[in-house]
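One letter stands for each residue in the lines below.
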Amino acid sequence: MNPIDEINKRRTFGIVSHPDAGKTTLTEKLLLFGGAIQVAGAVKSNKIKKHATSDFMEIERQRGISVATSVMAFPYRDLQINILDTPGHKDFAEDTFRTLTAVDSVIVVIDVAKGVEEQTEKLVEVCRMRKTPIIVFINKLDREGKDAFDLMDEVETKLKLRVTPLTWPIGMGKDFQGVYSLYEKKFIGFRPHGKQEGEDVLVIKDVKDPQFISKIGNRPHQQLTEDLETIHGVYPDFKREDYLDGKICPVFYGSAVNNFGVRELLDCFVEIAPTPLPRDTEERRVIPTEEKMTGFVFKIHANMDPKHRDRIAFFRICSGKFERNTPYFHVRLARQLKFSNPTSFMAARKEVVDEAFPGDVVGLYDSGNFKIGDALTEGENLHFKGIPRFSPEIFRYVNNADPSKFKQFAKGLDQLMDEGVAQLFIKEDSGRKIIGVVGSLQFDVIQYRLEHEYNAACSYDPVTLHKALWVECNDPKVLTEFMARRKKDLAKDKDGKLVFLAESAWTLRLAQENFPEVRFHTSSEF
Ligand code: G4P
């Protein structure tokens, strides 16, 4: 197959939701359609297996969250679908933000009873900034929930997205009869999972079709007619270009656990979702159809087995063809590297691949060569954009707790930071190390992993900090003065960039007033 056909076959996306909205269940149903798994429960039982075999995962189990972000590839119709899983827990939000840099579109799952929740708001904000095309799936229609119009309003106001429904629910909870597909002009009747095999579908040319009316009953039909009138009056017609530009989000209703509305979602998704998109670098825009291979690392996953300390770098291919055993140029290290076992992920299985194309994600075994954001090319110096670090929210001093293990401590901390577990800042005045995280769970993760993987120990001291801000100033004289005056508030990040550690919003405002020429950024990419 020629490379352009390979690119056109690919759909790479992420599913995001607040924990418990049904992301895992939906993922599983999609994998079932693709034949990537045979039995329901496989994704979850895989999670459980991991818990049982790995000590580190015990932390997750205890806290009831999923740390691992994985990639699941499966064929559907004649396409290749790549789902990048994202942890929903807020303490791992940075991980999710980074994974979102590697997708071309997103499905947002919302619980019909809970509506738009906090974590979803944050994740969608990142997608909106990047104009990532979004489809919304409102889940759990088998339960009583919010009114469908109220939910549409909530999505519009809280997520700041323009929406248009492509399916519409008829009833809800115990009165839930199914959905009417505005997209395909058909009624899909709801059958709770396990009650009856097959789908109950009625193709309708006209909503006034008597067969349809008698099927759902007069009252519900009357309600649907009124709803459809309102929908046509209020929401714009769906246009694929608007969706691809991130201007409009189609909305679907269903029940993942009952496998209801999922096929409609998937069938529409494969028709409208974007093929692999171009990616911007500091130097130029990379187009997927370019002949030469380029791509970037968006996630590093440590092997939890202390006997095998290797890590897997998740590498998104952006252009060209990635080939096994071929030397590629590691831009940051200015070195050629080749990979004898690049791995693809098929749900629970891993497989060595000989070649991969734009949109694909391969796992590269790594002994410490990669950092998040690293690029591989065929020789060109490219630095992919859009993988910024954001200001952490919680900070602590970190100390080496065992002087005889300093080397292990330094190496462990270094590698954990490369993986993006947290951010390290080194104070300009004292040389003390400060760790910044989004959720406090990461402090436990670091302590645990230093001990179990690096045989090192750390302790923490409290520090009151509001935010870390990356500093920029065009006037070297002003910058020197600023650095001299504010030395006690300054630090360097892991890449040696200057960072202002603001004790409070007030200190930050004061610094801004005193040094108007200095710019303070909340992300490392500006
Ligand atoms: P998450 O990955 O977004 O955190 O959510 P997950 O899929 O694990 O789903 C959270 C809970 O919601 C699960 O129940 C799941 O079965 C349930 N669920 C998912 N889709 C639907 C739906 O359409 N209707 C209803 N009523 N429930 C749904 P659980 O009790 O936490 O787990 P389990 O014991 O059922 O596996």
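So, here's what we can say about the structure. Predicted, not measured: the structure shown is a model, and the values here were computed from it.

### Examining the packing of helix α2 (residues 23–33) against helix α11 (residues 262–272)
Closest axis-to-axis distance for the α2/α11 pair is 10 Å, and the angle between their directions is 70°. Relative to α11, the element α2 is oriented roughly perpendicular. Contact residues: α2 offers Leu 26, Lys 29, Leu 30 and Phe 33, while α11 offers Val 262, Arg 263, Leu 265 and Leu 266. For the contact of α2 with α11, the class distribution of residues is six nonpolar, no polar and two charged.

### A closer look at the site of the ligand
Taken together, 17 residues form the shell around the ligand, and within it Asp 20, Thr 24, Thr 25, Asp 142 and Ser 255 come nearest. Between the ligand and Lys 23, the relevant distance is 2.8 Å, taken from an oxygen atom to a main-chain nitrogen or oxygen of the residue. Between the ligand and the protein, one listed contact pairs an oxygen atom with a backbone N or O atom of Ala 256 at 3.1 Å. For the ligand, whose free accessible area comes to 710 Å², the fraction covered by protein is 67%. Sort the elements by how many residues they give to the shell around the ligand and α2 lands first, with three residues. Residue composition of the shell around the ligand, grouped by class: four nonpolar, seven polar and six charged.

### Observations regarding the sheet that holds strand β31 (residues 519–521)
Spatially, the eight strands line up as an open sheet ordered β27-β24-β26-β25-β29-β30-β28-β31, and their pairing is antiparallel. Looking at which strands have only one partner, the edges of the open sheet turn out to be β27 (458–462) and β31. Taking the axes of each pair of neighbouring strands and ignoring which way they run, one obtains an average angle of 40° across the sheet. Of the pairings in the sheet, the one linking strand β29 (residues 490–492) to strand β30 (residues 498–502) comprises three bridges and is antiparallel in character. In the sheet register, Lys 492 faces β30, and the bridge partner there is Leu 498. Sheet strands touched by helix α14 (residues 476–485): β28 (467–472), β29, β30 and β31. Its angle to β30, the strand with the most contacts, is close to 45°.

### Considerations on the sheet that holds strand β2 (residues 71–76)
Paired through their backbone hydrogen bonds, the strands of a sheet run either parallel or antiparallel. Taken in spatial order, the seven strands line up as β2-β3-β1-β4-β5-β11-β6 in an open sheet, and their pairing is mixed. Lying at the two open borders of the sheet, with one neighbouring strand each, are β2 and β6 (163–165). Adjacent strand axes in the sheet meet at a mean angle of 25° when their direction is disregarded. By the bridge criterion, three bridges tie strand β5 (residues 134–139) to strand β11 (residues 249–253) in an arrangement that is parallel. Within the sheet, the bridge partner assigned to Ile 138 lies in β11 and is Tyr 253. Along the sheet, helix α7 (residues 148–158) makes contact with β4 (105–111), β5, β6 and β11, crossing β6 at roughly 155°. Set on the sheet, α11 makes contact with β1 (10–17), β2, β3 (79–85), β4, β5 and β11; between it and β5 the angle comes to about 180°.

### Details of the pattern of salt bridges
Tallying each qualifying case throughout the model produces 32 salt bridges. Each of Glu 6, Arg 10 and Asp 360 takes part in one network of salt bridges that share partners.

### Re the nonpolar core
Ile 134, Ile 138, Trp 168, Phe 212 and Tyr 253 are the most contacted members of the largest nonpolar core, which has 65 residues in total. By residue number, the principal contributor to this core is α7, which donates five residues. Composition of this core by domain shows at least three residues from each of domain 1 (5–9 + 13–66 + 85–272) and domain 2 (279–377). If you look at the next biggest cluster of nonpolar residues, it comprises 29 residues, including Leu 26, Ile 135, Val 262 and Ala 273.

### Quick look at helix α13 (residues 441–454)
For α13, with 14 residues, the first-to-last C-alpha span of 19 Å sits near the 20 Å given by 1.5 Å per residue. Most of α13 is tucked away, with 10 of its 14 residues classed as buried. Listing the buried residues of α13 in full gives Leu 441, Gln 442, Phe 443, Val 445, Ile 446, Tyr 448, Arg 449, Leu 450, Glu 453 and Tyr 454. Just downstream of α13, Asn 455 is the residue with a positive phi angle, here 55°.

Cut-offs used in this document
Residues numbered from 1 in each chain as written. Predicted model: local features only at pLDDT ≥ 70, side-chain atom pairs only at ≥ 80, totals over all residues. Heavy atoms only, no water. Axes fitted to C-alpha atoms, helices over the stretch in contact; angles between N-to-C directions. Helix = DSSP H or I, 4+ residues; strand = E, 2+ residues; numbered from the N terminus. Parallel < 35°, antiparallel > 145°, perpendicular 65-115°, else oblique. Contact = heavy atoms within 4.5 Å. Nonpolar A, V, L, I, M, F, W, Y, C, P; charged D, E, K, R; others polar. Near = heavy atom within 4 Å. Polar contact = N/O pair within 3.5 Å; in protein donor to acceptor, adjacent residues only side chain to side chain. Areas by Shrake-Rupley, 256 points an atom, 1.4 Å probe, with all protein chains shown as cover. Pairing = 2+ DSSP bridges. Salt bridge = Lys/Arg side-chain N within 4 Å of Asp/Glu carboxyl O. Core = buried A, V, L, I, M, F, W, Y, C linked by side-chain atoms within 4.5 Å. Buried < 20%, exposed > 50% of the residue type's maximum accessible area, 1.4 Å probe, protein only. Domains from an automatic or database assignment. Expected span 1.5 Å × (residues − 1).

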